[in-house]
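# Chains, contacts and geometry: an overview
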Amino acid sequence: MEVIKAPRGTRDVLGDESWKWTHVLDVCRRTADDFGYSEVLLPIFEHTELFSRGIGDTTDVVEKEMYTFTDRGNRSITLRPELTASMVRSYLEHDMRRLPQPVKLWSAGPMFRYERPQKGRYRQFWQIDFEILGVPSPMADLETIDTSMEIYRRLGLSNLQVLINSVGCPKCRPVYREALKSFIASSPGGVRGLCETCRDRFDRNPLRILDCKIPECKDLTRSAPAMIDSLCDECREHFDGVGRGLDRIGADVRLDNRLVRGLDYYTKTAYEILAGELGSQNAVCGGGRYDNLAEAIGGPHVPGVGFASGIERIVITLEGQGVYPGKAPETDVCIVTASDDAIMEACALAHELRMSGLAVGSDYTGRGMKAQMKQAASAGARFVCILGGDEIASGVVGVKNMKNGEQVSVPRSGTAAKIALWREEMVE
Ligand code: AMP
């Protein structure tokens, strides 16, 4: 029988990587505190309708990528493919309109999309998500971009490229849609020059054609009209406001006329942050404004703006840039037993050492001392405690300093306090 493996597109994040995730989440948590976002823990599954109405029926996410099933109560349930719709649902459900606005929320956790797996693209992936709800000001847009850049800065990342665009609003977007459609229809290749997916998008969701990576589609839309030239006065003013704010904080941001994003709820500002280390899946962050999302899911008008960033992609970028932030877990002490009858005493000693705040590795295999010492060295232990029949009989513990190789015998009763002191001196 074949051994069962993890499903395609999922992965185990093992110990040599998971501490980096913990560090990313720690930095997010501290940045959230400093910017005044409060954390919300959201359900991993929601009613399917939340996403079909919120994200949009004609998006790739809703049409092709959702993990949807009928539960035993005959409800259509979907594993969340993103967090913004859930955040807005939670805001409405808990009537956060009665709180002083803006309401700033953040969350993190696994998302699920049935995508073609490749480097940086998985079927289960983690996102951090930051949202500012309840204010239409372009300064909120600016603050979300600033939040994401601050997280990356604190993590030690550099050379990130921020791209920005405006996707307009229900007033001006239809004008642009028509301008784009007539440009494509009257180009030499016409609609038939597009790839099959984009031919389908032409009537249903033509803006997504700008996002297509197929060379023919890219060529065909190279000199297409730009959305920002079709913006209504309100969207124009908003876009200029974000631009002025970005200048004011010295952010290095580039206008990208092709940036439309894959989720329908965006209005006005859309942005993406790219990292060269990611290869073809180069977006480390995606965000923007979604002033009509609350209404789309049955609520009142609530303006909102925010971003999501993939933790796998953050970690790939950290590794690609040779930045190892935070610290791998360290081992202060390993206990080596010289005889089987010392194993129980080793457990008691490990307990005492841990109570003194030390990180202790244990080995209950009863194998030879040499192998145990080797294991302690490879764990990077600062000290090794040696316990055998002789030590137990005379009430002492052998303590080896792994840095200078010195070994001394210390009274059993004071071992934990002594090592805690030595460790402090060593780390200083
Ligand atoms: P989106 O929700 O599509 O706007 O994506 C926001 C961010 O989530 C992206 O910039 C990526 O960092 C990350 N992301 C999206 N889809 C995936 C995926 N399938 N695998 C890994 N990360 C992803």
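The paragraphs below set out a description of the structure included in this document. (Residues numbered from 1 in each chain as written. Predicted model: local features only at pLDDT ≥ 70, side-chain atom pairs only at ≥ 80, totals over all residues. Heavy atoms only, no water.)

## Quick look at the site of the ligand
Applicable threshold: Summary of the distance rule: residues count as near a molecule or strand when at least one heavy atom falls within 4 Å of that molecule or strand. As used in this structure description, the phrase polar contact means that two N or O atoms lie within 3.5 Å; if the pair is within protein, one of them must be able to donate a hydrogen and the other to accept it, and residues adjacent in sequence are counted only when both atoms belong to side chains. Here, Shrake-Rupley sampling with a 1.4 Å probe gives the accessible areas, and only protein chains in the shown set may cover a residue. Per the convention used, a helix needs a DSSP run of H or I reaching at least four residues, while a strand needs a run of E reaching at least two, with both numbered from the N terminus. Ten residue types, Ala, Val, Leu, Ile, Met, Phe, Trp, Tyr, Cys and Pro, are classed as nonpolar, four, Asp, Glu, Lys and Arg, as charged, and the remainder, Gly among them, as polar.
Taken together, 15 residues sit near the ligand, with R113, E115, Y122, Q127 and R261 positioned nearest. Y122 is positioned with one of its backbone polar atoms (N or O) 2.9 Å from a nitrogen atom of the ligand. Residue R313 places a side-chain N or O atom 3.5 Å away from a nitrogen atom belonging to the ligand. Out of a free accessible area of 480 Å², the ligand has 92% covered by protein chains. Those elements giving two or more residues to the shell around the ligand turn out to be β6 (124-133), β10 (283-289) and β11 (304-310). Ranked by residues supplied to the shell around the ligand, first place goes to β10 with four residues. For the shell around the ligand, the residue count by class is six nonpolar, four polar and five charged.

## Side note on the pairing of strand β12 (residues 333-337)
Cut-off, in case you're wondering: Any residue under 20% of the maximum accessible area for its type is buried, any over 50% is exposed, and the rest in between are partly exposed; the area is computed with a 1.4 Å probe on protein chains only. If the strands point away from the viewer and the path from the first strand over the helix to the second runs clockwise, then the crossover is right-handed. We call two strands paired when DSSP finds no fewer than two bridges between them.
Counting buried residues along β12, five of its five residues qualify, which places the element largely inside the surrounding structure. Along β12, one buried face is formed by V333, I335 and T337 and the opposite face, lined by C334 and V336, is buried too. Handedness of the β-α-β unit built from β12, helix α12 (residues 343-355) and strand β13 (residues 360-361) comes out right-handed. The pairing of β12 with strand β14 (residues 383-387) spans five bridges and is classified as parallel. Opposite I335, over in β14, you have C385 as the bridge partner.

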